[in-house]
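# Fold and contact review
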Amino acid sequence: MPRDPLSAPSDQPLAATPTGGEQAVAAEPRAVEEVLVLRIALDEEQLGEVRTRFRYDAAAPYEVRLTFHVGRPDEADWVFSRELLRDGLDSLSGQGDVKLWPTHCPCHGLTLHVALESPYGSALLEVSRPQVKAWLERTYRLVPDGREAEVLPSDEELKRLLTQGGSGAL
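Numbers given for residues are sequential positions, taken from 1 along each chain in its written order. Local features are withheld for residues below a pLDDT of 70 in this predicted model, meaning they are given only at 70 or higher, and side-chain atom pairs are given and counted only at 80 or more; totals for whole chains, interfaces and linings count all residues. With hydrogens and water stripped out, all remaining heavy atoms of the structure feed into the side-chain values.

### Things to note about the pairing of strand β7 (residues 109-118)
- At least two bridges found by DSSP between two strands is the condition for calling them paired. Going along the chain from the N terminus, every DSSP run of H or I of four or more residues is numbered as a helix, and every run of E of two or more is numbered as a strand. When strand β6 (residues 98-105) meets β7, the two strands line up antiparallel, connected through eight bridges. Residue His104 lies in a different strand from β7, and its bridge partner there is Leu110.
- Counting the residues in the hairpin turn of β6 and β7 gives three residues.
- For β7 and strand β8 (residues 121-128), the ladder comprises eight bridges, and the chain directions are antiparallel. Residue pairing across strands places Leu112 opposite Val127, the latter belonging to β8.
- In this structure, the hairpin formed by β7 and β8 is closed by a connection of two residues.

Quick look at the structure:
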């Protein structure tokens, strides 16, 4: 049976693996990833748990990716703005497909509700607000708020890449 990809330790940010050359140089972490357990309302009286990978990659500095591992080979990814997640920790945030809001659960303490809607259905999930906040703070240490554009390729770098036909690295 293949190893569950979500069972990997998640206490450290991921770092790029150095390649080439004789000496490996430790790279700065480019992503922050952690697996959290979210509770999902299955009906009015029953809750389930969904292991969910929270991932932030400096290469896409405005977004966060949640990958829901539902015990099947296919996983469900939801991508939305880091700002939406940050705002949802303190007040109702979002409209349309993704809505987030803080609440207090007598059983679980400070929580964050995550409501997702798609053409295929909807889900209401709940996660520990302190855990999400700690993960989000790690993303801001990687790329501080307001500095996202600094990690994106410059116009000159994009132009050079396009004129090289996509064969060169930035």
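### Overview of the packing of aromatic side chains
- Only Phe, Tyr and Trp rings take part, Trp by its six-membered ring, and two of them pair if their centres are within 6.5 Å. Stacked means planes under 30 degrees apart, edge-to-face means over 60, and tilted covers everything else. If you walk through the whole model with that rule in mind, you get one aromatic pair.
- An angle of 70° between the planes, with centres 5.4 Å apart, marks the rings of Phe54 and Trp135 as edge-to-face. In this pair, Phe54 is assigned in strand β3 (residues 47-57) and Trp135 in helix α2 (residues 129-142), connecting sequence segments 81 residues apart.
- The classification of residues rests on relative accessible area computed with a 1.4 Å probe and restricted to protein chains. Under 20% of the type maximum is buried, over 50% is exposed, and intermediate values are partly exposed. Looking at Trp135, the relative accessible area reads 0%, which means it is buried.

### Quick notes on the pattern of salt bridges
- Salt bridges are identified by distance alone: a Lys or Arg side-chain nitrogen within 4 Å of an Asp or Glu carboxyl oxygen. One pass over the full model with this rule turns up eight salt bridges.
- In this structure, Arg55 and Glu33 form a salt bridge, with 2.7 Å as the shortest nitrogen-oxygen distance. With Arg55 in strand β3 and Glu33 in strand β2 (residues 29-41), this residue pair connects regions lying 22 residues apart in the sequence.
- Under the relative-accessibility criterion, Arg55 is labelled partly exposed at 25%.
- Given the relative accessible area of 13%, Glu33 is considered buried.

### Examining α2
- Its 14 residues place the ends of α2 20 Å apart at the C-alpha level, agreeing with the 20 Å of an ideal helix rising 1.5 Å per residue.
- Turning to α2, its buried residues number three or more, namely Arg129, Val132, Trp135, Leu136, Arg138, Thr139 and Tyr140.
- Definition of a polar contact: a pair of N or O atoms within 3.5 Å, with one able to donate and the other able to accept a hydrogen when the atoms are protein atoms, and with sequence-neighbouring residues admitted only if both atoms are side-chain atoms. The backbone nitrogen of Gln131 has a side-chain oxygen 3.3 Å away, supplied by the residue at the start of α2, namely Ser128. One fewer than the residue count of a helix, multiplied by 1.5 Å, yields its expected span.

### With respect to the confidence of the model for the protein
- Within the protein, residue pLDDT values average 78, and 71% of them lie at 70 or more.
- pLDDT under 50 marks residues 1-26. Its contacts with residues more than four places away, or in other chains, come to 31 contacts. A residue's pLDDT is the confidence the predictor assigns to it, expressed on a 0 to 100 scale. For this analysis, residues touch if any pair of their heavy atoms sits within 4.5 Å.

### What about the side chain of His113?
- Along the polypeptide, His113 turns up in strand β7.
- A polar side-chain atom of His113 sits 3.2 Å from a polar atom in the side chain of Glu126.
- In this structure, His113 is in contact with Lys99, Leu100, Trp101, Thr103, Leu124, Leu125 and Glu126, ignoring residues within four places of it in sequence.

### Remarks on the state of the cysteines
- The term disulfide is used for any two cysteine sulfur atoms that are within 2.5 Å. Applying the stated rule across the entire model yields zero disulfides.
- Sulfur of Cys105: no disulfide; nearest cysteine sulfur belongs to Cys107 and is 4.7 Å away.
- Residue Cys107 is classed as exposed on the basis of its relative accessible area, which comes to 69%.

### Details of the nonpolar core
- Buried Ala, Val, Leu, Ile, Met, Phe, Trp, Tyr and Cys residues form a nonpolar core when they are joined through side-chain atoms within 4.5 Å. Core analysis: the biggest nonpolar cluster contains 28 residues, and Phe68, Phe80, Leu85, Leu100, Leu112, Val132 and Trp135 have the highest contact counts within it.
- Beyond its immediate sequence surroundings of up to four residues, Phe80 is in contact with Tyr62, Glu63, Val64, Leu66, Leu85, Val98 and Leu100.

### Things to note about the environment of Leu38
- With respect to the secondary-structure elements, Leu38 resides in strand β2.
- Residue classification places Leu38 among the buried residues on the basis of a relative accessible area of 0%.
- As a C-alpha pair, Leu38 and His113 span 75 residues in sequence and 9.5 Å in three-dimensional space.
- In this view, Leu38 contacts Gly48, Glu49, Val50, Thr52, Phe54, Phe68, Leu125, Glu126 and Val127; residues no more than four positions away in its chain are not counted.

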